[in-house]
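Geometric and topological summary
As a plain string of letters, each chain reads:
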Amino acid sequence: MNVEFFFHGVPAAFSEWGTTKDSMQRFYNVKNVAENVRFSIEVSSTDNGYCTYYSYLRYNNFADHTGRTGSYFGLTIRFDNEYCKDVENLFALCDVAYNTQVCNQIVRQHGNVTQYIIANFLEKQTILQQICNTLLDKIGGLTFAPIAPTLITSGQLSAVSRFNLNETNSSYFWQSLKNASQVLVSPNYTLRDKQIASLNQQIEPERAKNVKLTEENAKLKSQVENLISQQTQTQQELSKLKQHKQQLEQANAQLKNDIEQLKSDLGKNKATRKVEQSVGQIKEPLEELVSAIKKIIPSFRLPVEPIQQPQYPQPSLNRKIRMWLRDIFTFLILLLVIFLCVNQVWNIDFTEKAKPKTERTKKNKTAPLSGSYIIIDGITTDSLTIAKDYSVRLINPPKENFYWRVDGFSKPDETKNLTNLTIHPLKDGSSINANEVIISCRLQRNDSILDKKSWYIKK
């Protein structure tokens, strides 16, 4: 069994003494340590396999040899490819070594503060070696086991777990070491059973609230389901009522049509009775007239037949008559529209022809020719002068956006949508050859040329 010992701490500055060059500086400047003593157990990989570190650490109220607080003392034992299963007994051996051999030789108690009495561990190498020999003799009686790969985690490490010294024999202790690769042991830590009991006591009110909320949630869910069922039933009844309403409206419309038909028939019956009454009133005078005529003309005879009840046309015949009347009425309206249109054209033509010839000619000349936009005042090939400004204007501005492009002239910085533009010929235009230049003024919209005026000037 290969065993190595390390002493480390802050007698003045950080100092360590050991049989190898392993650095224990990771235990320096540890923050928020509540316990005075702790036992750190770590598993690490090496070039030759694995090793375990058991570190006996003293914090809180610790000062260096000058009295400056914030110091600590550490004793670390390293086992190669093995781990000690008697964690409680190994802690006891380190605790005895600290109280009997470290105290009063390396550190000394001053009231509540433990203070180093050395500035460097090299000052007490003999005492440190005696402590190592004493521990080595007693460690041989402890139980060890080889480090199996199952003790090393292959995934992401979890947070460091803390255990009371009396819980180091539990299976959960070694499982935590595998998951975290480090556990902390201290007699000052609360037992896990007490922690669980305390946590259960804390969560019991929340558990009761959860049960109550679950019951209330079940009641609300039942109420929601009942409301959904009632809503579905109401929608079905509403749909039936809408269908019944449509049936009643249709029946109501049919009854109105029947009433109108009965009123129409009643009016026709009244007219028939009036005709019968009128005929009854003239029947007797007509018979007297016929008798008088017979006395004059014996052969005269007026056939008098009883008035028959008028026969009304069948509904199909009435429908045909209405269709004929509609077609005739439509045809008459069409003739009227054609007549009005022709009459308006004739009036316009006659009015235009009645105007004097000069007026018609003037009206035609006001509109510019298609594609003609640019007029430049005073420019001809013969009169083009370098020292003169010329005015460009549009006789028919485009409705869309446009801009000017001039070659051989100066122009304003902004030429967009200008209907009047002042340009000045430059000395050199666009060269054609050694003896001639071209000067042009173009009106463009995007890449499309609306109009262009060009002059070729000989030098």
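No experiment lies behind these values; they were computed from the predicted model shown.

Here we come to the confidence of the model for the protein chain. Mean pLDDT over the protein chain works out to 80, with 78% of the residues at or above the 70 mark. Low pLDDT (under 50) marks residues 357-371, which in the prediction has seven contacts with non-local residues, meaning those over four places away or in another chain.

What follows deals with the side chain of glutamine 115. With respect to the element layout, glutamine 115 can be found in strand β9 (residues 113-116). Those residues in contact with glutamine 115 that sit more than four places away from it in its chain are Ala63, Asp64, His65, Thr66, Gly67, Ile106, Val107, Arg108 and His110.

Attention now moves to helix α2 (residues 125-139). In a regular helix each residue adds 1.5 Å, so 15 residues correspond to 21 Å; α2 covers 21 Å between its end C-alpha atoms and thus fits that length. Within α2, burial applies to Ile127, Leu128, Ile131, Cys132, Leu135 and Ile139. In an axial view of α2, the angular spread of the buried residues amounts to 140 degrees, which keeps them on one side of the axis. Exposed side chains of α2 directed beyond 90 degrees from the buried face belong to Thr126 and Asp137. Its buried side turned inward, α2 meets β1 (3-9), β2 (15-18), β6 (73-80), α1 (87-102) and β10 (144-146).

Pairing in this open sheet of seven strands is mixed, and the strands run β2-β1-β6-β4-β3-β12-β11 from one edge to the other. Each edge of the open sheet is held by one strand with a lone partner, namely β2 and β11 (161-164). Across the sheet, the mean angle separating the axes of adjacent strands is 20 degrees when strand polarity is ignored. Summarising the sheet, β1 and β6 pair through seven bridges and their orientation is antiparallel. Bridge pairing links glycine 9 to phenylalanine 73 in β6. The strands touched by α1 within the sheet are β3 (37-46), β4 (49-58) and β6, with β4 carrying the most contacts at an inclination of about 45 degrees. On top of the sheet, α2 reaches β1, β2 and β6; it is set at about 135 degrees to β1, its chief contact.

Turning our attention to unusual backbone geometry. A positive phi angle, near 65 degrees, is found at asparagine 60, a position not held by glycine. Taking relative accessible area as the criterion, asparagine 60 reaches 30% and is therefore assigned partly exposed. The phi torsion at asparagine 81 lies on the positive side, around 60 degrees, for a residue other than glycine. Mapped onto the secondary structure, asparagine 81 falls in the loop between β6 and β7 (82-84). On the accessibility criterion, asparagine 81 (37% relative accessible area) is partly exposed.

Calculation notes
Residues numbered from 1 in each chain as written. Predicted model: local features only at pLDDT ≥ 70, side-chain atom pairs only at ≥ 80, totals over all residues. Heavy atoms only, no water. pLDDT = per-residue confidence, 0-100. Contact = heavy atoms within 4.5 Å. Helix = DSSP H or I, 4+ residues; strand = E, 2+ residues; numbered from the N terminus. Expected span 1.5 Å × (residues − 1). Buried < 20%, exposed > 50% of the residue type's maximum accessible area, 1.4 Å probe, protein only. Arc of directions from axis to C-beta. Pairing = 2+ DSSP bridges. Axes fitted to C-alpha atoms, helices over the stretch in contact; angles between N-to-C directions.

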